[in-house]
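Okay, here's what each chain looks like letter by letter:
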Amino acid sequence: MNDLLTERDAWSMANCSIARTLEIAGTRTALLILREAFFGTRRFDDFAKRVGIGEPAASARLKELTAAGLLERVPYQEPGQRTRHAYQLTEKGRDFLPVLVALRQWGDTWASDEQGPPVVGRHIGCSAAVHAVLRCDDGHDVRPGDSFIDAGPGLIRVGPDSP
């Protein structure tokens, strides 16, 4: 078991997955729009109101999240009205749920006020609280300190010893 972190000066983070994720959804408003999408918000005005942002900011974030493939615009029309567009999560967007659960979980522990968290995610089947956990591909729960960093297929090595 070779811990790649001991060789950090020999690799580049130019293609870091965390940095790329932050480029897509790393703003406060983008994360809150995604939160609202998971809560069932679909209409532009509702996103702006529930996130507490102006229409220009809502428009910009919705366009970015749509361009990144996390949301898609779908037409709808109310009787007697013109066709409008609503937003819904894509598969890529739905895969973002563990990120939001982890953020909420950390916030519940370290950033909530004395009254406690405002909402609790619960499992429909048993009503137990839902948590984000680290789990390896073999099904073992992984605690902090029980993992190591290994080279992935996209690792870019730099320096005199790089291929």
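Here is a short report on the structure shown in this document. Nothing here was measured: the structure is a model prediction, and the numbers come from that model.

Reading guide: rules and limits
- Residues numbered from 1 in each chain as written.
- Predicted model: local features only at pLDDT ≥ 70, side-chain atom pairs only at ≥ 80, totals over all residues.
- Heavy atoms only, no water.
- Helix = DSSP H or I, 4+ residues; strand = E, 2+ residues; numbered from the N terminus.
- Contact = heavy atoms within 4.5 Å.
- Polar contact = N/O pair within 3.5 Å; in protein donor to acceptor, adjacent residues only side chain to side chain.
- Core = buried A, V, L, I, M, F, W, Y, C linked by side-chain atoms within 4.5 Å.
- Buried < 20%, exposed > 50% of the residue type's maximum accessible area, 1.4 Å probe, protein only.
- Salt bridge = Lys/Arg side-chain N within 4 Å of Asp/Glu carboxyl O.

## Side note on the environment of His 85
Now for step 1: In this fold, His 85 is placed in strand β3 (residues 84-89).
Now for step 2: Once the C-alpha coordinates of His 85 and Arg 73 are considered, the two residues, 12 residues apart in sequence, prove to be 5.8 Å apart.
Now for step 3: Setting aside anything within four residues of it in sequence, one finds His 85 in contact with Arg 73, Val 74, Pro 75 and Tyr 76.
Now for step 4: Side chain to side chain, His 85 and Arg 73 meet in a polar contact 2.7 Å long.

## A short note on the nonpolar core
Now for step 1: The biggest cluster of nonpolar side chains holds 20 residues, and the ones touching the most others in it are Ile 33, Leu 34, Phe 47, Leu 62, Leu 65, Leu 71 and Phe 96.
Now for step 2: If you list the elements that add at least two residues to this core, you get α2 (28-38), α3 (44-51), α4 (55-67) and β3.
Now for step 3: Among the elements that make up this core, the one with the highest residue count is α2 (5 residues).

## Structural notes on the pattern of salt bridges
Now for step 1: Per the stated rule, a full pass over the model turns up 7 salt bridges.
Now for step 2: Among the ionic pairs, Glu 7 bridges to Arg 157, the shortest N-O distance being 3.3 Å. Here the residue Glu 7 occupies a position in the segment before β1 (11-12), and Arg 157 occupies one in strand β4 (residues 156-157), the gap between them amounting to 150 residues.
Now for step 3: The class of Glu 7 is partly exposed, set by a relative accessible area of 27%.
Now for step 4: Between Arg 143 and Asp 146 there is a salt bridge, with its nearest N and O atoms 3.4 Å apart.
Now for step 5: Residue classification places Asp 146 among the partly exposed positions, given a relative accessible area of 45%.

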